[in-house]
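# Architecture at a glance
Next come the chains, spelled out residue by residue.
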Amino acid sequence: MLKIYDRLTRLALGLANPYTQGEPGMPPRDVWPYIRAHLRPLNKVIWLSVLITVITASIEVWLISYAGRLIDMLSTTKPDQLWETYQWNLIGAGAMIVLLRPLSQFARHAVNDIGLQCNAANLFRWRAHDYLTQQSVGWFQDDLAGRTASRLVLIGNYATDVIYHCLNALAFGLVYMVGLTIFMAGEDIRLAVPLFVWLALYVSLTALIVPRMVQSMEDFMASKSALLGKVVDVFSNFDTISLFAKRIDIEADHRVSLDATRDKLFEARQISIAFRTLTVLLEGIIIVGFVGYGIWIWSQGVASIGLISAAVALSLRITTLADWVMQSTFSIFQQVGSVREALRSISQPLTIPHGHDVHALNVTKGQITITNACHHYGKGQGGLNGVNLDIAPGEKVGLVGPSGAGKSTLVNLILRFYEAEEGKISIDGQDIRNVEQESLRHAIGMVSQQAALLNRSVRENIVLGLRDVSDEQIYAAAREAQAHDFILGLEDNKGRTGYDAHVGERGVKLSGGQRQRIALARVILKDAPILILDEATSALDSEVEAEIQTSLQSVMQGKTVIAIAHRLSTIAEMDRIVVLQDGQIAEDGNHHDLLSKNGLYAKLWNHQSGGFIGDTI
């Protein structure tokens with residue numbers, strides 16, 4: 001029996017495939033077009049749900065009407081003749097109640113709760129994730145990661161709830177109401193009059209209150225999303241917060257966010273309570289209308305006692321149904337507001353669109369040509385201001401300059417984390433705007449000053465993005481990065497050790513030097529033809545740095561290298577050193593030539609003490 005049940009429920013799960021790609025381009029920005037754009041993979045389950053809903057609601061209406069006829073049978077038939085007269089009628093009714101009704105309810109819940117809910121939420125999340133991962137790195141830096149992640153995950157729940165309640169409550173309620181109207185009008189058209197009046201009042205009330213409800217819930221969800229983003233921001237940077245902020249100030253700031261969220265929820269609940277109260281009033285009207293009107297026409301001798309009993313049962317059933325539909329309506333429009341709020345992140349234009357005629361980058365030599373590159377992050381100042389630079393294949397170039405000179409901006413433009421506002425960047429003669437972004441980054445290995453790791457195992461962090469990598473290759477890369485020995489001694493809080501140990505969020509369980517050595521191992525294993533080092537050894541002590549520098553000399557062989565360094569001793573042996581100042585190239589040459597010019601580079605070099613630059617950098 002359990003195997004049959006498992007097979008049937010898994011059959012319901014297979015009614016839709018949540019991992020189908022959507023239409024290319026930005027998702028619709030309005031709620032209903034956004035939901036409609038996701039309905040095609042759910043067509044089968046939706047139509048099946050509607051069909052089963054009609055059957056189930058019809059059975060419920062029949063059950064009420066049969067109760068009235070049963071009372072009439074009991075009141076007009078002698079007890080000793082009941083079974084003989086209505087034997088097959090009663091057996092058929094029993095079979096309907098014991099067999100068909102449970103089966104129809106099982107089918108409805110299996111289709112809606114499993115076929116729809118288990119698939120639709122993942123469908124919305126899958127497509128939202130697929131679109132958001134096409135956004136640029138710069139886009140992600142402009143918003144709170146916690147808020148974006150929350151919107152991505154929760155939009156699946158919100159949008160699915162809208163569809164679920166439309167099918168499960170509104171469709172059921174509509175079929176039920178139509179069935180009741182046909183039944184009552186078939187018995188006596190006058191019994192349908194109270195139902196028509198009640199429906200008119202109910203629809204008018206809904207039309208009056210729902211728009212206010214939608215706006216209030218959207219405001220609340222925006223406030224809650226901001227609260228979540230702020231909490232994630234604090235917890236992600238709790239070490240810094242603990243160093244610089246007082247606990248009383250942290251709590252006060254959090255209370256301001258909590259109060260803002262509570263005020264928005266209060267406004268939403270005000271509308272909800274008013275709606276609920278007026279709905280109860282309408283329930284009273286339908287009870288009085290049905291029962292009172294039914295008693296009156298019975299007293300006139302134009303209705304049977306069974307019909308009146310059915311009217312009483314119907315009035316009570318309608319009040320329950322009305323409350324259910326009201327709750328579902330409230331939930332639908334609550335979730336509509338939530339979807340609209342989530343779309344503020346999900347449905348934004350790509351900051352760096354993917355071109356239609358792009359091709360994979362083909363790196364044959366590794367030459368990088370930068371022509372009149374300008375980028376000010378939309379502010380009109382800062383960043384780069386007309387940089388022209390040609391890096392020959394296999395050349396090792398160091399970038400130095402004061403903070404804010406444009407070093408990181410130049411690297412971000414080469415990686416196409418941001419789109420240059422003016423100018424052109426080419427690799428082996430190929431404009432990077434005309435190549436696939438993934439192939440561009442596949443050709444570049446990078447180690448940054450803040451070596452961020454994922455909350456996964458050491459092994460997964462080292463092989464990130466690579467497939468079919470053997471343990472021997474991983475160990476070799478780790479040894480070259482001087483990381484193998486300390487990795488073997490790692491153990492996380494779940495007892496996983498060595499390369500299987502998890503490193504915590506952003507690698508927080510490791511020291512800065514350990515994170516940087518794992519990041520170096522990752523780049524060594526990637527073996528990309530272009531290598532970018534952004535303070536790649538800044539977190540290492542002098543002894544380990546010397547060992548790493550020796551390893552890097554081997555890694556850099558045959559590669560085009562760009563190295564950013566504040567510690568000038570780490571790049572003194574580069575083929576060229578480019579000095580940036582105020583977004584432009586101030587000097588260009590090797591270490592000895594630049595010292596002989598006695599310009600900015602010489603000044604920076606002279607400011608060093610023990611290999612470090614002073615406060616001017």
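As a reminder, the structure under discussion sits directly above these lines.
This text gives an overview of the structure that appears in the document. (Residues numbered from 1 in each chain as written. Predicted model: local features only at pLDDT ≥ 70, side-chain atom pairs only at ≥ 80, totals over all residues. Heavy atoms only, no water.)

## Points about empty space enclosed by the protein
Counted under the stated rule, the structure contains two cavities of 30 Å³ or more. Considered as a void within the structure, the largest cavity measures approximately 70 Å³ in volume. As for the largest cavity, its lining consists of Leu-413, Arg-416, Tyr-418, Glu-419, Ala-420, Gly-423, Lys-424, Ile-425, Asp-431, Ile-432 and Arg-433. Counting residues per element, the lining of the largest cavity draws most heavily on strand S4 (residues 422–427), at three residues. Of the residues contributing to the lining of the largest cavity, the split by class is five nonpolar, one polar and five charged. For the second largest cavity, the calculated volume is near 30 Å³. Grouping the constituent residues of the lining of the second largest cavity by class yields three nonpolar, three polar and three charged. (1 Å grid on protein atoms, 1.4 Å probe; cavity = no way out; pocket = protein on both sides within 12 Å on 5 of 7 lines; lining within 4 Å. Points joined across faces, edges and corners; volume = space filled by probe spheres on them. Helix = DSSP H or I, 4+ residues; strand = E, 2+ residues; numbered from the N terminus. Nonpolar A, V, L, I, M, F, W, Y, C, P; charged D, E, K, R; others polar.)

## Describing the pattern of salt bridges
For the coordinates displayed, the defined rule picks out 11 salt bridges. The partner of Asp-527 in a salt bridge is Lys-559, and the shortest N-O contact between them spans 2.5 Å. One end of the pair, Asp-527, is in the loop between helix H16 (512–526) and strand S7 (530–534); the other, Lys-559, is in the loop between helix H17 (542–555) and strand S8 (560–564), and 32 residues separate them in sequence. For Arg-576, the salt bridge is made with Asp-588, and the minimal N-O distance between the two is 2.7 Å. Of the two residues, Arg-576 is situated in strand S9 (residues 576–581) and Asp-588 in strand S10 (residues 584–589); the sequence distance between them amounts to 12 residues. Note on Asp-588: relative accessible area 32%, which makes it partly exposed. (Salt bridge = Lys/Arg side-chain N within 4 Å of Asp/Glu carboxyl O. Buried < 20%, exposed > 50% of the residue type's maximum accessible area, 1.4 Å probe, protein only.)

## A few points about the sheet that holds S7
Spatially, S6-S7-S8-S3-S9-S10 is the arrangement adopted by the six strands of the open sheet, whose pairing is mixed. Across the chains shown, the open sheet's two edge strands, defined by having one partner strand only, are strand S6 (444–447) and S10. Between one strand axis and the next, the sheet turns through 20° on average, direction left out of account. Sheet topology note: the strand S3 (residues 396–400)/S8 ladder contains four bridges and is parallel. Bridge pairing links Lys-396 to Val-561 in S8. Lying over the sheet, H16 contacts S6 and S7, oriented at roughly 170° with respect to S6. (Pairing = 2+ DSSP bridges. Axes fitted to C-alpha atoms, helices over the stretch in contact; angles between N-to-C directions. Contact = heavy atoms within 4.5 Å.)

Read these as spatial facts, not as claims about activity.
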